[in-house]
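Below are the chains, spelled out letter by letter.
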Amino acid sequence: MKKSTLLLVGIATLAVVVVFTATTSRHVTAQEAAPIFVKKIPPGYRDWKVVSVAHEAGELNDIRAVLGNDIAIKAYRGKLPFPEGAIVGRIAWSYVPSAENNKSFGREQSFVAGPPTDAYLQFMVKDSKKYAATGGWGYSSFDKDGKPTDDEGMKGCFPCHQAIKDRDFIFTKYAP
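Rules behind the numbers
- Residues numbered from 1 in each chain as written.
- Predicted model: local features only at pLDDT ≥ 70, side-chain atom pairs only at ≥ 80, totals over all residues.
- Heavy atoms only, no water.
- Helix = DSSP H or I, 4+ residues; strand = E, 2+ residues; numbered from the N terminus.
- Buried < 20%, exposed > 50% of the residue type's maximum accessible area, 1.4 Å probe, protein only.
- Areas by Shrake-Rupley, 256 points an atom, 1.4 Å probe, with all protein chains shown as cover.
- Arc of directions from axis to C-beta.
- Contact = heavy atoms within 4.5 Å.
- Phe/Tyr/Trp six-rings, centres within 6.5 Å; stacked < 30°, edge-to-face > 60°.
- Salt bridge = Lys/Arg side-chain N within 4 Å of Asp/Glu carboxyl O.
- Pairing = 2+ DSSP bridges.
- Axes fitted to C-alpha atoms, helices over the stretch in contact; angles between N-to-C directions.

## Quick notes on the overall build of the chain
In terms of helices and strands, the chain carries 5 helices and 5 strands. The linear arrangement of helices and strands in the chain, starting from the amino end, is α-β-β-α-β-α-β-β-α-α. Looking at the chain as a whole, 31% of its 176 residues qualify as buried. With an accessible surface of roughly 11,700 Å², the chain has 61% of that area assigned to carbon and sulfur atoms.

Right, dumping it as structure tokens:
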């Protein structure tokens, strides 16, 4: 009886040690690998206010609308830095000539939104605790079907935005 009790106590102790070790290492790994990328499209972004529009040449070669949720718009109209909960979004399309408009103008001068780009939607979400490693901003990019860009493809976001740290990492200025 003593041997079987001692064996059961030993097995129970070993089980506790294994569970504790697994839980501790999982907790440390989760902290070390805190996500800096946003994996969900913010709901209602199509109802946000327009911050500005832009044409990007070069490799991007698109037209885009930059939007902000109410918190971001208030900051754009006020003073930086952006407060917690601010979200800035970007929708990008290729651009194509408008045959109908150009016919009216008598020359090719009008371009309109064409198909979505590969990085159709992008968002920056302000959460200073969650995204402390990237200036307080989480980054995201989604294709036209809502599929997020993989983490490897997102790694260039923060290094690029560091060049404008004095503007709270935001490229687009408010267009009144």
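## Looking at helix α2 (residues 70-77)
Those residues of α2 that sit buried are Ala 72, Ile 73, Ala 75 and Tyr 76. Taken end-on, α2 shows its buried residues confined to a sector of 160 degrees, consistent with a single buried face. Residues of α2 that are exposed and point over 90 degrees away from its buried face: Asp 70, Lys 74 and Arg 77. Here the buried face of α2 lies against β1 (49-56), β2 (62-68) and β3 (87-97).

## Let's talk about the packing of aromatic side chains
Working definition: an aromatic ring pair is given by the centre-to-centre distance plus the angle between the planes. The full count for this structure, using the stated rule, is 10 aromatic pairs. Aromatic pair Tyr 95 and Phe 111: ring centres 5.6 Å apart, planes at 85 degrees, arrangement edge-to-face. Residue Tyr 95 is found in strand β3, and its partner Phe 111 is found in strand β4 (residues 111-126); the two are separated by 16 residues along the sequence. The exposure class assigned to Phe 111 is partly exposed, which follows from its relative accessible area of 41%.

## What about the environment of Val 66?
Here Val 66 lies in strand β2. Given a relative accessible area of 5%, Val 66 falls into the buried group. With 107 residues separating them in the primary sequence, Val 66 and Lys 173 have C-alpha atoms 9.6 Å apart. Excluding residues within four positions of it along the chain, Val 66 makes contact with Lys 49, Val 50, Val 51, Ser 52, Val 88, Gly 89, Arg 90 and Thr 172.

## A few points about the pattern of salt bridges
Throughout the structure, instances matching the rule amount to 6 salt bridges. A salt bridge links Asp 145 to Lys 144; the shortest N-O distance between them is 3.6 Å. A single burial state applies to Asp 145 and to Lys 144, both of which are exposed. Here Lys 155 and Glu 152 are joined by a salt bridge, their closest N and O atoms 3.2 Å apart.

## Here we look at the environment of Pro 83
Here Pro 83 lies in the loop between α2 and β3. Pro 83 sits in the partly exposed class, given a relative accessible area of 37%. Between the C-alpha atom of Pro 83 and that of Ile 71, which follows or precedes it by 12 residues, the distance is 7.2 Å. When sequence neighbours within four positions are dropped, the list of residues in contact with Pro 83 reads Ile 71, Ala 75 and Lys 126.

## Quick look at the sheet that holds β4
Strand order in the open sheet formed by 5 strands is β1-β2-β3-β4-β5, and the pairing between neighbours is antiparallel. Lying at the two open borders of the sheet, with one neighbouring strand each, are β1 and β5 (137-142). Sheet twist, expressed as the average angle between the axes of neighbouring strands with direction ignored, equals 20 degrees. Judged from the 6 bridges that link them, β4 and β5 form a sheet pairing that is antiparallel. Note that in β5 the partner of Phe 123 across the bridge is Ser 140. α2 rests against β1, β2 and β3 of the sheet, and its axis sits at about 75 degrees to β1.

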